[in-house]
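# Chains, contacts and geometry: an overview
Listed below are the residues making up each chain.
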Amino acid sequence: WRGREGAPYSTLVPSDEVTINYRHGLPVITLMLPTRSERCQFTVKPVVTTVGAFLQDVQREDRGIERAEVFATDGSKVSDATLMEVLLMNDFKLVINSTAYSVSPPVKDKLSSEHATEMEDIKSLVHRLFVALHLEDHQIRKERELLQKLDHLKGELLPLEQMRARIMNSADAKTSRLLWVGLALMSTQGGALAWLTWWVYSWDIMEPVTYFITYGSAMAFYAYFVLTKQDYIYPHAKDRQFLHYFYRKSKKQHFNVERYNKLKDDLAEAEESLRRLRQPLHLRLPIQEISDKD
């Protein structure tokens with residue numbers, strides 16, 4: 001058998017020189033250290049240990065090892081980043097210095113159900129420990145990101161809020177003036193009808209006039225319903241007129257209502273995300289509170 005450079009290894013040792021057994025659900029690799037001439041056992045964690053880490057452990061145990069590599073049965077080198085769990089699925093060659101060991105891992109299907117259960121328990125425990133150790137840091141980083149996003153959104157909204165306040169004050173003032181003008185016109189109409197009824201004409205003449213005025217008002221209210229699909233209710237009519245003045249003023253002052261609404265929605269979403277992030281019932285873990293301003 002030849003290596004990557006094509007040079008033959010001096011020795012190809014049978015598989016019994018390197019053995020793999022499972023103990024408490026973890027693989028234990030037993031091999032002979034070349035310079036110390038003694039067998040040594042290495043317990044690996046297949047779901048987190050890489051091939052490179054395993055080879056470093058072997059070289060650290062025997063300082064006389066100058067070369068330690070792993071090859072597949074077809075002669076291709078196994079990457080150091082490969083997990084041991086993947087490596088132990090098939091046969092491989094372990095090269096230490098100039099000696100190549102043929103290794104045949106035990107088939108997982110032949111493992112006892114007890115060992116398989118222990119392995120699943122260990123995997124689950126590793127996952128829970130990882131989550132417990134890293135979730136809080138992730139939550140803190142996420143909270144900082146949300147706080148930065150909130151500061152950015154508030155900075156963009158500040159000039160828009162000031163412009164919106166000015167436009168709303170102007171629209172509200174115009175709407176109020178329109179309401180007072182309507183009241184003044186109705187008072188003038190009532191006074192004119194009274195003056196015509198008692199001082200100029202008689203009720204016999206003014207009665208048809210008041211009838212047609214009432215009928216004209218009913219027609220005006222009906223026309224309002226046809227155009228707006230809403231009943232003429234004073235609060236609704238006031239709000240509609242306010243919006244009319246607001247949008248007309250916004251267009252003149254180049255106030256982007258769509259962008260303002262989008263920023264407000266993003267701000268509300270970020271605040272809701274921050275609120276949910278800080279709730280212990282949703283986190284399942286206590287999170288360190290950080291101030292809004294560093």
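Residues numbered from 1 in each chain as written. Predicted model: local features only at pLDDT ≥ 70, side-chain atom pairs only at ≥ 80, totals over all residues. Heavy atoms only, no water.

As annotated in an unreviewed UniProt entry, the protein carries the name Calcium uniporter protein and comes from Struthidea cinerea. Taken directly from UniProt, the Function (unreviewed entry) text for the protein runs: "Mitochondrial inner membrane calcium uniporter that mediates calcium uptake into mitochondria. Mitochondrial calcium homeostasis plays key roles in cellular physiology and regulates cell bioenergetics, cytoplasmic calcium signals and activation of cell death pathways." The record in UniProt for the protein states the following under Sequence similarities (unreviewed entry): "Belongs to the MCU (TC 1.A.77) family." (UniProt positions renumbered as here; feature names shortened; annotations may be inferred.)

It is worth spelling out the overall build of the protein at this point. Tallying secondary structure elements over the protein gives seven helices and seven strands in all. Reading the protein from its N end, one meets helices and strands in the order β-β-β-β-α-β-α-β-β-α-α-α-α-α. The long-range fraction of contacts in the protein, counting pairs at least 24 apart against all pairs at least 6 apart in sequence, stands at 61%. Taken as a whole, the protein presents about 20,000 Å² of accessible surface, with 57% of it coming from carbon and sulfur. (Helix = DSSP H or I, 4+ residues; strand = E, 2+ residues; numbered from the N terminus. Contact = heavy atoms within 4.5 Å. Areas by Shrake-Rupley, 256 points an atom, 1.4 Å probe, with all protein chains shown as cover.)

Here we take up the UniProt feature "transmembrane region" (unreviewed entry) in the protein. Taking the UniProt record as the reference, the feature "transmembrane region" (unreviewed entry) is found at residues 178-197 and 209-227. As a span, residues 178-197 carries 100% helix and 0% strand, and end to end its C-alpha atoms are 28 Å apart. Overall, residues 209-227 shows 100% helix and 0% strand. The separation of its end C-alpha atoms is 27 Å.

Right, let's get into helix α6 (residues 257-277). What sets the pattern is the α-helix's 3.6 residues per turn: residues three or four places apart point alike. Its 21 residues place the ends of α6 30 Å apart at the C-alpha level, agreeing with the 30 Å of an ideal helix rising 1.5 Å per residue. Along α6, the positions that sit buried rather than exposed are V257, Y260, L263, D266, L267, A270, L274 and L277. Its side-chain oxygen 3.2 Å from the backbone nitrogen of E258, N256 forms the N-cap of α6. (Expected span 1.5 Å × (residues − 1). Buried < 20%, exposed > 50% of the residue type's maximum accessible area, 1.4 Å probe, protein only. Polar contact = N/O pair within 3.5 Å; in protein donor to acceptor, adjacent residues only side chain to side chain.)

Another point: unusual backbone geometry. A positive phi angle is found at N97, which is not glycine, with a value near 55°. The exposure class assigned to N97 is partly exposed, which follows from its relative accessible area of 25%.

For T49, the position within the fold is in the loop between β4 (38-43) and α1 (51-61). T49 sits in the buried class, given a relative accessible area of 15%. Among all residues touching T49, those that are not within four sequence positions of it are V44, F54, T82, L83 and M84.

The next thing to look at is the sheet that holds strand β3 (residues 26-33). Spatially, the three strands line up as an open sheet ordered β2-β3-β4, and their pairing is antiparallel. In the strand order of this sheet, the two ends are held by β2 (19-23) and β4, each with one partner. Ignoring which end each strand starts from, the neighbouring axes of this sheet average 30° apart. Two elements, β3 and β4, share six bridges in a ladder whose sense is antiparallel. Across the sheet, M32 pairs through a bridge with R39, a residue of β4. (Pairing = 2+ DSSP bridges. Axes fitted to C-alpha atoms, helices over the stretch in contact; angles between N-to-C directions.)

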